[in-house]
Amino acid sequence: MSLAAVSRLLAAHAARPLDPHEAAMTAAIRDFIAAQPECLWRSCVPGHLTGSAWVVSPDRRRVLLTHHRKLDKWLQLGGHADGDPDLAAVAQREAHEESGLMGIRLLSPEVFDVDRHWIPERKGELGHY
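Let me sum up the structure you'll find in this document. Values in this document were obtained by computation on a predicted structure and should not be read as measured data.

As for the nonpolar core
Across soluble globular proteins, you tend to see nonpolar side chains buried next to one another. Membership of the largest hydrophobic core comes to 16 residues, with the highest contact counts inside it found for V6, I33, L40, L49 and L87. Where this core is concerned, the elements lending two or more residues are helix 1 (4-14), helix 2 (20-35) and helix 3 (87-99). When residues in this core are grouped by element, the largest group, four residues, is from helix 2.

So this is what it looks like as structure tokens:
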């Protein structure tokens with residue numbers, strides 16, 4: 001599975017005017033991808049890529065969040081890439097699966113935000129990004 005699509009997506013994001021935090025996150029993920037060719041799979045021990053989506057109401061006044069029981073946090077919808085290098089498709093698929101909403105569509109195929117989160121160790125799973 002090629003990471004070329006992910007690399008192109010992040011390169012385009014990095015070329016935009018970004019605040020220092022976003023630039024640092026994007027650079028860290030680009031370095032991570034270069035060092036971890038298996039990063040599309042959750043079996044990648046140092047960490048793995050996910051795709052998430054901000055699901056907003058048509059009037060853009062409300063967002064849909066989900067409560068992540070294991071992390072005890074409210075988050076945007078999303079999930080593991082599971083080998084799919086098309087992270088926009090991953091985000092769209094996960095938003096549909098987690099919300100049950102039909103007709104979710106992307107407003108843009110561009111990256112909106114890049115984040116790197118520490119996931120603490122749990123039973124049977126090491127801590128990872």
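From this point on, the discussion continues.
Here we look at the side chain of H128
Among the structural elements, H128 can be located in the segment after helix 3. Overall, the relative accessible area of 5% leaves H128 in the buried class. Looking at H128, its side chain comes within polar contact range of the main-chain oxygen of L126, at 2.9 Å. Leave out the neighbours within four places in its chain, and H128 touches V45, P46, G47, H48, H117, W118 and I119.

A word on the state of the cysteines
With the rule as written, the count across this model stands at zero disulfides. Here C39 stays unpaired: no disulfide links it, and the sulfur of C44, its closest cysteine neighbor, is 6.3 Å away. Overall, C39 belongs to the buried group, its relative accessible area being 0%. Overall, the relative accessible area of 6% leaves C44 in the buried class.

Some details on a nonpolar patch on the surface
A contiguous nonpolar patch, built from W54, V56, V63, L65, W74, L107 and F112 and spanning about 780 Å² of accessible area, is present on the exposed surface. The residue V63 is located in strand 3 (residues 63-64) in this model.

So, the pattern of salt bridges
On inspection of all chains with the given rule, the structure shows five salt bridges. Two residues, D84 and R93, come together in a salt bridge whose shortest N-O distance is 3.7 Å. For R93, a relative accessible area of 29% translates into the label partly exposed. In this structure, R93 and E94 form a salt bridge, with 3.6 Å as the shortest nitrogen-oxygen distance. Several salt bridges share partner residues, and in doing so they unite D84, R93, E94 and E97 into one network.

How each quantity is defined
The written sequence of each chain sets the order in which its residues are numbered from 1. Totals for whole chains, interfaces and linings use all residues, but because this is a predicted model, local features are given only for residues with pLDDT of at least 70 and pairs of side-chain atoms are given and counted only at 80 or more. Calculated side-chain values reflect all of the structure's heavy atoms, with hydrogen atoms and water omitted. Residues grouped as a nonpolar core are buried Ala, Val, Leu, Ile, Met, Phe, Trp, Tyr and Cys residues, joined through side-chain atoms within 4.5 Å. The buried label applies to any residue whose accessible area, calculated with a 1.4 Å probe on protein chains only, is under 20% of its type's maximum; exposed applies above 50%, and partly exposed to all values in between. The way it works is that DSSP assigns letters per residue, a run of H or I at least four long becomes a helix, a run of E at least two long becomes a strand, and they are numbered from the N terminus. In protein, a polar contact means a hydrogen-donor-capable atom and an acceptor-capable atom, both N or O and within 3.5 Å, with residues adjacent in sequence counting only if both atoms are side-chain atoms; elsewhere, any N or O pair within 3.5 Å suffices. By definition in these notes, contact holds between two residues if any of their heavy atoms fall within 4.5 Å. In plain terms, two cysteine sulfur atoms within 2.5 Å form what is called a disulfide here. What goes into a patch is any residue over 30% in relative accessible area without a salt bridge, connected to like charges within 9 Å or, for nonpolar side chains (Val, Leu, Ile, Met, Phe, Trp, Tyr), within 5 Å. Surface accessibility follows the Shrake-Rupley procedure with a 1.4 Å probe radius. Residue values consider only the protein chains on display as shielding. Criterion for a salt bridge: a side-chain nitrogen of Lys or Arg within 4 Å of a carboxyl oxygen of Asp or Glu.

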